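Observations on chain architecture
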Amino acid sequence: MELYDVIVIGGGNAAMCAALAARESAERVLVLERAPEDEAGGNSRFTAGAMRVVYNGVEDIKTLVPDLTPEEIARTDFGTYTEEQFLDDMARVTQFRCDPDLTEILVKKSHATLDWMRSKGIRFVPIYGRQAFKIDGKFKFWGGLTLETVGGGPGLVDALTRAVKKNGIELWYSARAVSLIADDDGVHGVVVKREGKTTQVRGKAVVLAGGGFQSNPEWRTRYLGPNWELAKVRGTRFNTGDVIRMALDIGASPTGNWSGCHAVGWERNAPEFGDLAVGDGFQKHSYPWGIMLNAEGKRFVDEGADFRNYTYAKYGRVILNQPGQFAWQVFDKKVVHLLRDEYRIKQVTKVTANTLEELVKKLDDVNAEAALDEIKRYNAAVRSEIPFNPNVKDGRRTEGLALNKSNWANLLDTPPFEAYAVTCGITFTFGGLRINTDAQVISTDGDAIPGLYAAGELVGGIFYFNYPGGTGLTNGSVFGKIAGTNAAKFARG
Ligand SMILES: Cc1cc2nc3c(=O)[nH]c(=O)nc-3n(C[C@H](O)[C@H](O)[C@H](O)COP(=O)(O)OP(=O)(O)OC[C@H]3O[C@@H](n4cnc5c(N)ncnc54)[C@H](O)[C@@H]3O)c2cc1C
């Protein structure tokens, strides 16, 4: 039977980073990817490649994007995203539940890890399209999310795959890990079903990076609760919780927000799983510039509570909880130019009208009369004298409504009006395996399981309730690198 130093389970960003880090000091590294090659790369491939990273100014951006031109620098206000800001964001959006030790590592190692990824051939660029607005001729970044990988998620996975192959790492597609080979001394390998045939592969250490359980409707309903089987999956169909289960089976400890997940507003008529041809185009994240109405014609959430980076990941659940699990996002002409590119794809459920009366009648499955009343009530409550500014929390709000809008409250008064139907799209689950700061998997007895490491989406304890956009990839990279490095060290004995 073949013996590898390190076996990595998964084919996404966390797995590839783990494999690359392991290969720096281990001879034989094997990556097991459940998906066939044309669907490989997990959720990582579905992303826009946005990565949250600490920087103290433009100099730190330049180390990650060395080919930034003087013109680009002159016309951009990058601001800063300090360790304190990142830590604050994590604490605030997770309601102070995030594991402090893991979070500190995530934040403090974010810049060095992206720098290391650059050394492996991954390229980054500023996200001018979605995270910066142009004011007086200058782009200003907001929300702490400034860089993306070249080519988005597909570009990231292609670059990682190239690096894996170049570094002499074996990569098996259509190779589903079924269980771990383990005894009292720890983990010794993996049972794999490769192209339909079950075999055993021996490894001195194993890294688990097989994603969450969002693509398993039965687990979704079991852990997230009723109606979650009705959500659409935004990404890969292969993250069904297998790899979490096989670790629990050998005594790994579950931890984190098992009833929580990242879920967003998503095209109502999208397919059951993500479609790589559309990628993240089904998401609909521009609700802060408009309002959302449910089947009863009612607003149900503060669309302007915060920058969308800090609300989008929890509003999917809010939409799922509405009657019929859908909502309509409504905008008028004044803000249409601010809508993200995803609103202009072909696969949208969209209606337009020249009057509000006409618009509400076109909103499928909505009580039109109630919707019109709601819009009128909303319009009457807008503090129009406060100037609208999309770059800051402008405090332009409504007053006197049972549910107010806190920022960016524009009147819906300028035709044509546009509305988009959304439902809940689940991105990934938050509950998972307990690891320590060395990315070792911890058992229910509280000890590290010898030879077992984990990183990425299947790790619990980092995200609760909500999530600051662009942290998933950074999390996978930071802990993937740590897991791979330590697994290789363990394999050396
Ligand atoms: C549409 C969309 C957009 C997103 N945008 C962003 C973004 O811009 N920025 C960001 O930071 N995050 C984003 N995310 C979240 C991000 O995708 C995840 O946080 C991150 O990719 C998780 O990486 P991972 O390597 O842990 O998991 P994945 O990339 O999902 O990889 C898991 C891998 O495990 C494999 N696998 C599963 N079971 C087995 C098994 N039994 N045996 C072998 N292999 C198995 C899967 O096939 C897959 O290759 C987005 C997610 C989606 C769905």
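Residues numbered from 1 in each chain as written. Predicted model: local features only at pLDDT ≥ 70, side-chain atom pairs only at ≥ 80, totals over all residues. Heavy atoms only, no water.

Right, let's talk about the overall build of the protein chain for a bit. Of regular secondary structure, the protein chain possesses 16 helices and 22 strands. Relative to a compact globule of 493 residues, whose C-alpha radius of gyration would be 23 Å, the protein chain shows 23 Å and is just as compact. Its C-alpha atoms give the protein chain principal-axis dimensions of roughly 70 × 50 × 40 Å. Sorting the 493 residues of the protein chain into buried and exposed places 61% on the buried side. For the protein chain, restricting intrachain contacts to residue pairs at least 6 apart in sequence, the fraction spanning at least 24 positions comes to 74%. (Helix = DSSP H or I, 4+ residues; strand = E, 2+ residues; numbered from the N terminus. Rg over C-alpha atoms; globule rule 2.2 N^0.38 Å. Buried < 20%, exposed > 50% of the residue type's maximum accessible area, 1.4 Å probe, protein only. Contact = heavy atoms within 4.5 Å.)

Across 4 bridges, strand E6 (residues 132–135) lies against strand E7 (residues 138–141) in antiparallel orientation. Within E7, the residue paired with Lys134 across the bridge is Phe139. (Pairing = 2+ DSSP bridges.)

The next point concerns the sheet that holds E7. Overall, mixed pairing links the 3 strands, which are arranged E4-E7-E6 in an open sheet. Every other strand in the sheet has two partners, leaving strand E4 (76–77) and E6 as the edge strands with one partner each. Here 2 bridges tie E4 to E7, and the two strands are oriented parallel to one another. Paired with Asp77 across the bridge in E7 is Lys140.

Along the polypeptide, Asn486 turns up in helix H16 (residues 471–492). Apart from residues no more than four positions distant in its own chain, Asn486 is found in contact with Asp438 and Tyr453.

Here we come to the site of the ligand. Every one of the 40 residues lining the ligand counts as a neighbour, but Glu33, Asn43, Ser44, Ala50 and Asn239 are closest to it. Measuring from an oxygen atom of the ligand, one finds a backbone N or O atom of Asn43 at 2.7 Å. For the ligand, an oxygen atom lies 2.8 Å from a polar atom in the backbone of Glu457. Burial of the ligand by the surrounding chains reaches 97%, relative to a free accessible area of 1,000 Å². Sorting the residues of the shell around the ligand by element identifies helix H1 (13–23), helix H2 (42–46), strand E10 (175–183), helix H11 (242–249), strand E19 (417–429) and H16 as the ones contributing at least two each. For the shell around the ligand, the residue count by class is 14 nonpolar, 19 polar and 7 charged. (Near = heavy atom within 4 Å. Polar contact = N/O pair within 3.5 Å; in protein donor to acceptor, adjacent residues only side chain to side chain. Areas by Shrake-Rupley, 256 points an atom, 1.4 Å probe, with all protein chains shown as cover. Nonpolar A, V, L, I, M, F, W, Y, C, P; charged D, E, K, R; others polar.)

Turning next to the nonpolar core. Membership of the largest hydrophobic core comes to 127 residues, with the highest contact counts inside it found for Val6, Ile9, Leu208 and Phe479. Sorting elements by how many residues they give to this core places H1 first, with 9 residues. Once you skip the residues sitting within four places of it in the chain, Leu208 turns out to touch Ile9, Leu180, Val243, Ala247, Leu433, Val441, Leu452, Tyr453, Ala454, Ala455 and Leu458. Ile291, Val330, Ala353 and Ile375 belong to the second-largest nonpolar core, a separate cluster that totals 25 residues. (Core = buried A, V, L, I, M, F, W, Y, C linked by side-chain atoms within 4.5 Å.)

Looking now at the packing of aromatic side chains. Tallying each qualifying case throughout the model produces 25 aromatic pairs. When the centroid spacing of 4.9 Å and the interplanar angle of 65 degrees are considered together, the rings of Tyr223 and Trp258 count as edge-to-face. In this pair, Tyr223 sits in helix H10 (residues 217–224) while Trp258 sits in the loop between strand E14 (254–255) and strand E15 (261–267), placing the two residues 35 residues apart along the sequence. We classify Tyr223 as partly exposed; its relative accessible area is 28%. Of the residues examined, Trp258 reaches a relative accessible area of 15% and is grouped as buried. Summarising the aromatic geometry, the rings of Phe463 and Tyr467 are spaced 4.9 Å apart at their centres and angled 70 degrees between planes, so their arrangement reads as edge-to-face. Across the pair, Tyr467 and Phe463 agree in class, each one buried. Grouping aromatic residues by their ring pairs yields a cluster made of Phe78, Tyr128, Phe139 and Phe141. When the ring centre of Tyr4 is taken as origin, the NZ or CZ atom of Arg28, which lies over that ring, is 4.3 Å away. Seen from the ring of Tyr310, Arg92 lies directly overhead, with NZ or CZ sitting 4.7 Å from the centre. (Phe/Tyr/Trp six-rings, centres within 6.5 Å; stacked < 30°, edge-to-face > 60°. Lys NZ or Arg CZ within 6 Å of the ring centre and 35° of its normal.)

These figures come from the coordinates and say nothing about function on their own.
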